Amino acid sequence: SALVHGKEADWSMGDDAPPAFLSTLPRTLWDYCKQRFAQVTNPPIDPLRETHVMSLEVRLPATAAAPGGIVLPGPILTQGEFTDLAAQFGPVQTVDFSLPANTGVPGARGAVAQCSSTPLGGNARPGLFLLSDRGIGPERATLPALLATAALWKSMVRDGFSDVPLVVETAQAFDTHHIALLVAAGASAVVPHLMEQLAEAEEPGGMMKVRDAIYAGLRKVLARMGVSTLASYRNSYLFEIVGLSEDLCTEFFEDAADFAGQKSLDDLLADYLRLHKQAFSRVGEDMPDAGLYRFRKGAELHANSPEVVRRLHAHVKAPDAGKYPAFEELADGNGGVVFLRDLLETVASMPVPIEEVESAESILKRFSTQAMSLGSLSPEAHRTLALAMNRLGGKSNTGEGGEDPALWVNEPEAANKIKQVASGRFGVTSDYLVHAQELEIKMAQGSKPGEGGQLPARKVTPYIARIRHAVPGTPLISPPPHHDIYSIEDLAQLIHDLRAVNPRARIGVKLVSGAGVGIIAAGVAKAGADVITISGHNGGTGSSPLTSIKNTGLPWEIGLRETHETLVRAGLRSRLSLRVDGGLKFSRDILIGAILGADEFGFGTASLLAIGCVMARQCHLNTCPVGIATQDETLRARFSGKPEMVIAYFRALADEIRKKLAALGANSLTELKGAYDCLRPRSPNYAETPALALESNMDFRIAPQQVPGLHASLSEAHAPQDDFESDLRTVSIRNSDRSIGAALSGELARSRAAGRVSIPGIVKEFQGSAGQSFGAFLGSGIDFKLEGEANDYVAKGLSGGTIAITAGTGASRRGDVLAGNTVLYGATSGQLFVAGRAGERFAIRNSGALAVVEGVGQHGCEY
Ligand code: SF4
C-alpha cells in the first residue's frame, strides 16, 4: 500500500490474533510495544488538517563542516543520504549489533553487553554513533534493533554523549511503528537499508513513496499523543510494553509504561535466533505467511477462526439445543490462547438452583451492540441489529454516522437506543439527541485510539451523505479530538449540554484500555457520566490504518480491572455503570468481564457474525460479500441477516450465562463483580503472569447503587409544556448561565415529535455575558438575541435555530470579540450573526448552518 498509494494500508475487523506475549510463535520486540494515546486529559492533534503545527524535522548539532548545524526533514535516511551525512560528522563510531548465529543466547547476551557500554574509539569524542545490523546474513544473527537502541542510548546518556547523534542502520525497520519506537527510544535517525533495497527493487523511486507514507504515519503517531514535533517525541519512551519480564523492562525500558509478563531477555533473544534460523533456512524461498493479519491454516491463531464462524452460523440459522454448546466449546481453550482471559478460568462453588439465578431478560438488558455506523454498515444490517436488540430488551448503538430521522417517526422499533456523539458530529441534531435513551460520547475507539473514524469515499452514497449532512463521494474522516473537548472540564461541559437537551438519557463516555485509564475514568465519573465503556485494543472496525489496529491499546482485561479498582478506591464506583467491549463472544467472556468489574457488555464482531459475516475483512473496501459492510446496491441485495438470528445468539448466550452462574453459586452477574476469588489461572504455567495477579487485600465487590435522583429531578424540571411562548422581556444573563437554550430545544423537539406543539416561533432576548454553550443545539423556530458577549461553544450543534449577538450601543469601531472559541462546532442547520469577531476553531464541522461574523481566529471553517 505504501508503494502503490503512498499511504499506510487500511484494514478492518480489528485484531483478533493473540498479542505477542500470548502467542506461541516467536514474535518481534516491536509487537510487545504499543503506542500511547491521549484521551480526555489532553487532545490529540489532527495530523491531516493541522499539519502546519507539526514537524518531523531532526536538528543535528553543529560540526566543523556545518557550523550552523544540519536539519533533516525527517528521521528516515537512505543509504546515500547517510553516507553524505557521515562525511560531515566524523569520526563515526560504529556499534555492530549483529552476532555469530552459532553462539546462541550467550552470544546474544554478549552483544547486548557490548551495546550497553559506549565505545569511545580511542580518545576522540565521536561525531556520530552508528548502530548497525548490516552484518546480518546466514552466519550472523541480530539483536532486536529496539533493544540495541535502548541499550546504547542509555549508555550514551550515562557517559555524557547525549548530544551526539545516534543513527540506527537496520534491516528490521519496515513500517511506521518500527521507526516511531526507535525514535522514542533515542534514535536521531534511521537507515532502513533492507526496506530501501526492497522498495527500490519493486519500483525505482519506491523508497521515496514509502518514506512519504511512513512520515504521514509518524505524524499520526505523534498526534495521537498530542505531540507536535518529532524533537519532543525523541527519547520520550511514549509507548507501553505488555508481557515482557519486570527485569527486562527495568533494565532497558524503565521510562515506558509496562504491564509485565514472563518473557525474559533470554526468551526474547532465543526467539530472535529462531526467527533468524527460519529466515535463512529457506534462501530463495518466500517466508511462510505467519497469519498475523488473516487466518492461515497452521499459522497464528485467530479468535474469529473459520470454525468459530461456522459453528455460530450453524446455530443462528437453525437454532437447536445441540448447536450452541458446540459453539461455546470453542471458548474453552480448544483454539488455544488468544486473549488474556484465556489464561483464566472460573472456580465452581456451591451451586445454586438455576431458578434463583437472574433471568435471561435481566441479563439481556446488559447487552448492547457496539457502535457501528450507518455508512460503515449497510442500512439493512444496521436496521436488523437495532430491531433485534430492541426485541431482546438490550440496546443497539448508532455509531458515529447519525440515524435516519424517518425511523423515529415511522419505525421506532428499529431506532437505536444508544446514539453516539463522536468528533465528526455527523447527524447530531437536537432531534437526534432527544430520541436516545443513552448518549455515548466517543472519546476513543479500540482499533485506533487517538484517531477519528473514517468512512471511505465509495461508501458515502447520496443516502449516507444525507444522513450525515455531507457531500456524496467524499471521504469522511472525523477529527481525532472533539474540538469542544480539550480537557476534563470541557468533557463535563459537553455532558452538561447533552443532559440539558435530553435529561432522560444516560450519558456514556467511551474510553480505550491503556496506561492510566483508571485515573481518566475517575475524572470522567466526576464529570458526570452515567456509563463508562472500556474498549479493548481488539475492537472491530469498518476501516482503520493497519498499524493502528495492531499497535495501539491494551487488552480490556487490564483496563477494566484498573478502572473498576480505581473507581472503588475513589468512592466513585457506585455512581455509574461500567460497560466492556472488545471481542466478547462466549459466556466465559461475560463472566470474567463481570468479575473484573463490568456491569454491561458490548458486542461488535459477534453481532455481525450473527447476521452472516464471514470474516472476509473487506469492510473498508465496500465489497462485503454478504451485504453487511457495504453500500453497493448489488451486494446489499445479498444480505440475508434476520433479527431472529441475533436473537437466537444472544438468548442462547444468556441461557448459558445463567447455567454458569448457577454452577458458580452466584445469583447474578452483579454478585460476581470484584469477586476475584472466583478466578484462577487455567494452568500453573500462567500463575506467574503479573498482569493476572488478582490477589488484593481490598474488597472490590461493590454493588452499583445508581443515583436515580439526578435524572428524575432534571426530567421534572423540564416537564412537557403545552405551549412555548416568546418572552419579550430582556433577560439578564451571566457567564455562569451555561447551555442556555439546550433544554428548551430538547423539550421543543420532544413536543413536536409527540405532536403536541405547533408554534410560529419563540424569541428570547438576553443582555450580558453568556456562559459556555450559549444556544447549543438550538432547534428550528427559536430565535436568540444577545446584547453583550458569549463564552466558548456558542451555537454548538446548532439545529435550525437563529442566534444574533451584538455589542449594542457599546460596540467599538475596531470590532469587538463577541464570541469565544469553537463556535458552531458540529452545527447542521440554522443561522448565526455576530456583529463582531469570534475566537479560534470557528464553525469546525459545520455542515449546513449560515454564519455571518466580522472575523475569526485560527482554524476557522475547517472540515
Ligand atoms: S463479511 Fe462483510 S462485514 Fe464481515 S468482515 Fe467481511 S466485509 Fe466485513
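Keep in mind it's a predicted model, so treat the numbers as computed, not measured.

S.K.: How should the sheet that holds strand E11 (residues 239–244) be read in this particular structure?
M.R.: By definition, the strands of a sheet pair up through backbone hydrogen bonds, in either a parallel or an antiparallel sense. Across the sheet, three strands lie side by side as E2-E11-E12; this open sheet has mixed pairing. Of all the strands in the sheet, the pair left with one neighbour each is strand E2 (33–35) and strand E12 (257–263). Across the sheet, the mean angle from the axis of one strand to that of its neighbour is 20°, orientation sign disregarded. Here E2 pairs with E11 via three bridges, running antiparallel. The residue of E11 that forms the bridge with cysteine 33 is isoleucine 241.

S.K.: How do you make sense of the environment of glycine 80 when you look at a structure like this?
M.R.: On the secondary structure map, glycine 80 appears in helix H2 (residues 79–89). Each C-alpha atom of the pair glycine 80 and valine 191 lies 9.7 Å from the other, and the pair is 111 residues apart in sequence.

S.K.: In this structure, what is going on with helix H14 (residues 379–392)? I would like to understand it.
M.R.: The periodicity of an α-helix, 3.6 residues per turn, causes residues three or four positions apart to be oriented the same way. Relative to the 20 Å expected for 14 residues at 1.5 Å per residue, H14 spans 20 Å between its end C-alpha atoms, a close match to the ideal helical length. With eleven of 14 residues buried, H14 lies mostly within the body of the structure. Within the sequence span of H14, burial applies to Pro379, Ala381, His382, Thr384, Leu385, Ala386, Leu387, Ala388, Met389, Asn390 and Leu392. Contact partners of the buried residues in H14: helix H13 (360–364), strand E14 (367–369), helix H17 (462–468), helix H23 (605–610), helix H24 (633–636) and helix H25 (643–664).

S.K.: Even after reading the chapter, I still don't get the domain arrangement of the protein chain, so can you show me in this structure?
M.R.: For an interface, size is often stated in terms of accessible area lost upon the parts coming together. Looking at the assigned domains, one finds that the protein chain contains domain 1 (2–6 + 33–280), domain 2 (308–689) and domain 3 (718–852). Its C-alpha centre places domain 2 at a distance of 35 Å from the equivalent point of domain 3. On the side of domain 3, 27 residues touch domain 2, which itself brings 30 residues to the contact. Buried area between domain 2 and domain 3, summed over both chains or domains, comes out near 2300 Å², and the portion from carbon and sulfur atoms is 54%. For the interface between domain 2 and domain 3, the tally reads two salt bridges. On inspection of domain 2 and its partner domain 3, the count reaches 17 residue pairs in polar contact (both at pLDDT 80 or more). Breaking the side of domain 2 that touches domain 3 down by element, the ones donating at least two residues are helix H16 (430–434) and helix H18 (488–501). Counting residues per element, the side of domain 2 that touches domain 3 draws most heavily on H18, at eight residues. The class makeup of the residues in the side of domain 2 that touches domain 3 is twelve nonpolar, eleven polar and seven charged.

S.K.: Whenever I open this one, the confidence of the model for the protein chain confuses me. Can you help?
M.R.: In low-pLDDT regions, the fine details of the predicted coordinates are not to be read closely. Within the protein chain, residue pLDDT values average 89, and 92% of them lie at 70 or more. Across residues 705–722, confidence stays below pLDDT 50; counting only partners more than four residues off in sequence or on other chains, it has 29 contacts.

S.K.: So what exactly am I meant to see when it comes to the environment of valine 164 here?
M.R.: Considering the arrangement of structural elements, one finds valine 164 in the loop between helix H4 (145–158) and strand E9 (166–169). Considering only alpha carbons, one finds valine 164 and glycine 127, 37 residues apart in sequence, at a separation of 6.3 Å. Every residue in contact with valine 164, bar those within four places of it in the chain, is listed here: Arg125, Pro126, Gly127, Leu128, Phe129 and Met156.

S.K.: Help me out: how do you make sense of the site of the ligand in this one?
M.R.: In the neighbourhood of the ligand, twelve residues make up the surrounding shell, with Cys613, Ala616, Arg617, Cys619 and Cys624 lying closest. The residue makeup of the shell around the ligand, split by class, is ten nonpolar, one polar and one charged.

S.K.: Please explain the environment of arginine 729 as it appears in this structure.
M.R.: Along the chain, arginine 729 turns up in strand E25 (residues 727–733). Considered as a pair, arginine 729 and valine 763 are 34 residues apart in the sequence and their alpha carbons are 9.9 Å apart.

What counts and what doesn't
- Residues numbered from 1 in each chain as written.
- Predicted model: local features only at pLDDT ≥ 70, side-chain atom pairs only at ≥ 80, totals over all residues.
- Heavy atoms only, no water.
- Pairing = 2+ DSSP bridges.
- Helix = DSSP H or I, 4+ residues; strand = E, 2+ residues; numbered from the N terminus.
- Axes fitted to C-alpha atoms, helices over the stretch in contact; angles between N-to-C directions.
- Expected span 1.5 Å × (residues − 1).
- Buried < 20%, exposed > 50% of the residue type's maximum accessible area, 1.4 Å probe, protein only.
- Contact = heavy atoms within 4.5 Å.
- Domains from an automatic or database assignment.
- Buried area = accessible area lost by both parts, 1.4 Å probe.
- Salt bridge = Lys/Arg side-chain N within 4 Å of Asp/Glu carboxyl O.
- Polar contact = N/O pair within 3.5 Å; in protein donor to acceptor, adjacent residues only side chain to side chain.
- Nonpolar A, V, L, I, M, F, W, Y, C, P; charged D, E, K, R; others polar.
- pLDDT = per-residue confidence, 0-100.
- Near = heavy atom within 4 Å.

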